[in-house]
Amino acid sequence: MGAVLVFTPAILSGMLLVHILWPDRTFWSIIFKACLGIGIGLGLRSLLYFLYLLILPGHNAFIYIDLVCLGCLLIIAAARELRGGRSGWSPGLLPSLTPTQHALVIISGIVFVISLLSTANYLLRRRQGDWDAWMMYNRAARFVYFDQAHWLESFSPQMDPIFHADYPLLLAMNIAASWEMLGRDSAAVPMLQSALFALACAGLTVSALAVVKSVGQAALGLTILWGIPVFVNEGARQMADVPMAFFVLATGTLLYLYVLRGSAGLMVLAGITTGLAAWTKNEGSVLVVGAAAAVVFAFARRHFWRSTLSFAAGLAVPLAVALSFKLFLAPSGDIVSAVAGGSTNQLADVTRHTLILQYLWSEIKGFGSWGIAGLGIGIIPFLAIYYVLFRSPVSPEHRPAYSAGIAILIIQVLGYYAAYLVSPYDLAWHLSYSSTRIVLQIFPLLLFLTLCASQEAEQVLAPARQPVME
Amino acid sequence: MRILWLQRVFLGLIAAASVYASIQNLISTRELGSISEDPVAQWEVRFGPLKEQLPFVRGVVGYISDSDVPGAAFDPANDEGEYILTQYALAPIIIVRGTDQEWNVANLGIEAFARWSAKDRFEFDVLPLKGGLYLLHRIES
């Protein structure tokens, strides 16, 4: 219960910040903002704790800062609500559903509940998470929490590079902040953080699809995402891949919504989620490049300066903190050291290209397998067949949304490819250890874009009925 | 009309496969281990007495295991896992491979400790602890 309470101010702050920047009031956009607020709240709290430690290490006063932030956001949000009046609220919060939508929601609900039990099962049987959790994220949190006054020594170059003291600190700082507020190092904190990101990622997929497509399509998205064991289990392993997937998805969906709604606040939020990805994992720096390129590419002909400046405004603070950590505090990372040591020679090694492409192809075929005997393929070939069967024309005004999303996906994959090429590790080991998780990082956005570009499930199952939209 | 039915069958397949996979996954996650046991926490308990013996809260200690003793048998995967768990348990103390530090941790089986003792023990004050753990304090020359 204590672990739930220590996360509450950060989550509420995140939700309020999202609402202040995008004060849309329809039912599904409120759900979208709640899910987005979980990740943004946890991410910004982590940044804030890092800055707090730089100024006031060893004071155990972060709870007051966390509560003051929540109070300030609450006052701003309340003032805006009072100024705007309540006329914008929908008369009824819950949208009415057709029988087909009811059926789809029930199926997705069954998958969700069963997979939620699997998540709980996994978390309770692996309370301290899996290998990378003890090696990096939870270990880094312990280094900060157990001797907060000298926390800067946690990034000593004496530490074996295997422990990746250079890794971005979103998860570790949140855990350490929560332990400080709780007054003890409880395993429940990283367990809950892991579950929160998994739930937020699922919720973001569902609510974004409901906002831009239909309830049936949202239910189908949840059925697919939470019906693949690799995603459900990864969400309980206390590692950073699901949080990374959350920020990739959030950035892609926010850019999509920006094309639809045109609110500058959405672009600011996309900048924030992009910056927080760089604070989550090293792969997040590729998202910074990808999302910036996507903004420039997709909005070159429409509201270019407004889009770019709004995105940069959101990106500035999280990226500045992440870069400061990398430049002034963290020891040199494995890939950067390898490049400095001349591993760029490996770029011309044909056998490395071949091996990477083999693994990539194997992931395209097998990622997200349902584990059904005799069915040797994963979810991506199914999504490809789904798209062929269900694709619907994309209107010209929606094209920038797809251009942005596809640009993010392509640049992210190219970034992973380049990292493998210059990797200092045995390449076969590195690929086998991480290739599934890097596909997982981009899969929710791929799923979202595919379902957006397709006919709604309701149209197929009950063509005579029109889906009831909020 | 045919494409419509194909689409419906496809949606049905996805739904059925997702429900099946989620049930299978629920069953398989029950096999991950016991809810009441936490091997990582047990490892931390094992290292508790050693951590108390160290004269500092944050610093650097050396670490050796069976793989560092010539001739001793070891499992490479276990050896690396134990190294990582030791760093996790000893946080915020940094562990580095070898015994070059003033304070060192030896995580050795009986055979490996015997082999190590025969060759290197004279350099250290050795404090044996439970579970094959030894705290080695380098003797000033």
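It should be emphasised that the depicted structure is a prediction, and the values quoted were computed from it without experimental measurement.

**Quick look at the overall build of chain B**
When its secondary structure is counted, chain B shows four helices and five strands. Starting at the N terminus and ending at the C terminus, chain B contains elements arranged as α-α-β-α-β-β-α-β-β. Taken over C-alpha atoms, the radius of gyration comes to 25 Å for chain B, far larger than the 14 Å a tight globule of 141 residues would show. When the backbone C-alpha atoms are referred to their principal axes, chain B occupies close to 90 × 35 × 25 Å. Burial status across chain B gives 33% buried among its 141 residues. Pairs at least 24 residues apart make up 68% of the contacts formed inside chain B by residues separated by at least 6 positions.

**Notes on the pairing of strand β3 (residues 103–107) of chain B**
Residue and element names in this part refer to chain B. Among the five residues that make up β3, five are buried, leaving the element largely enclosed by the rest of the structure. Burial along β3 is two-sided: Trp-103, Val-105 and Asn-107 facing one way and Asn-104 and Ala-106 facing the other are all buried. Where strand β1 (residues 60–65) meets β3, three bridges bridge the pair, whose relative direction is parallel. Looking across to β3, one finds that Ser-65 is bridged to Asn-107. Examined bridge by bridge, β3 and strand β5 (residues 133–138) share five bridges and lie antiparallel to one another. Bridging across to β5, Val-105 finds its partner in Leu-135.

**Concerning unusual backbone geometry**
Each neighbour pair has its own omega, and for Ala-91 of chain B with Pro-92 of chain B the value is 10°, a cis peptide bond. Among the structural elements, Pro-92 of chain B can be located in the loop between α3 (76–90) and β2 (94–97). A positive phi angle is found at Asn-60 of chain A, which is not glycine, with a value near 50°. Turning to its location among the elements, Asn-60 of chain A is positioned in the loop between α2 (27–55) and α3 (62–84). For Asn-60 of chain A, a count of 12 C-beta atoms within 10 Å translates into the label exposed. Although it is not a glycine, Gln-238 of chain A sits at a positive phi angle of roughly 65°. Judged by the 30 C-beta atoms lying within 10 Å of it, Gln-238 of chain A is buried.

**Some words on the interface of chain B and chain A**
Every contact between the two is made by 37 residues of chain B and, on the other side, 45 residues of chain A. Those elements that provide at least two residues to the side of chain B that touches chain A are α1 (2–29), α2 (39–53), α3 and β2 of chain B. The element contributing the most residues to the side of chain B that touches chain A is α1 of chain B, with 19 residues. Of the residues assigned to the side of chain B that touches chain A, the class counts are 25 nonpolar, eight polar and four charged.

**Remarks on the packing of helix α1 (residues 2–21) of chain A against helix α6 (residues 170–182) of chain A**
Residue and element names in this part refer to chain A. Packing of α1 against α6 leaves a shortest axis separation of 9 Å and a crossing angle of 115°. For the element pair α1 and α6, the recorded crossing hand is right-handed. Along the contact surface, α1 presents Gly-2, Ala-3, Val-6 and Phe-7, while α6 presents Ser-178, Met-181 and Leu-182. Of the residues contributing to the contact of α1 with α6, the split by class is five nonpolar, two polar and no charged.

**Some points on the domain arrangement of chain B**
Each domain of chain B was delimited in the assignment, giving domain 1 (2–32) and domain 2 (39–138). On a C-alpha basis, the centroid separation for the pair domain 1 of chain B and domain 2 of chain B is 49 Å.

What counts and what doesn't
- Residues numbered from 1 in each chain as written.
- Chains lettered and ligands numbered in written order.
- Predicted model: local features only at pLDDT ≥ 70, side-chain atom pairs only at ≥ 80, totals over all residues.
- Helix = DSSP H or I, 4+ residues; strand = E, 2+ residues; numbered from the N terminus.
- Rg over C-alpha atoms; globule rule 2.2 N^0.38 Å.
- Buried ≥ 20, exposed ≤ 12 C-beta atoms within 10 Å, placed from the backbone.
- Contact = placed C-beta atoms within 7 Å.
- Pairing = 2+ DSSP bridges.
- Nonpolar A, V, L, I, M, F, W, Y, C, P; charged D, E, K, R; others polar.
- Axes fitted to C-alpha atoms, helices over the stretch in contact; angles between N-to-C directions.
- Left-handed = near helix turned anticlockwise from the far one by under 90°.
- Domains from an automatic or database assignment.

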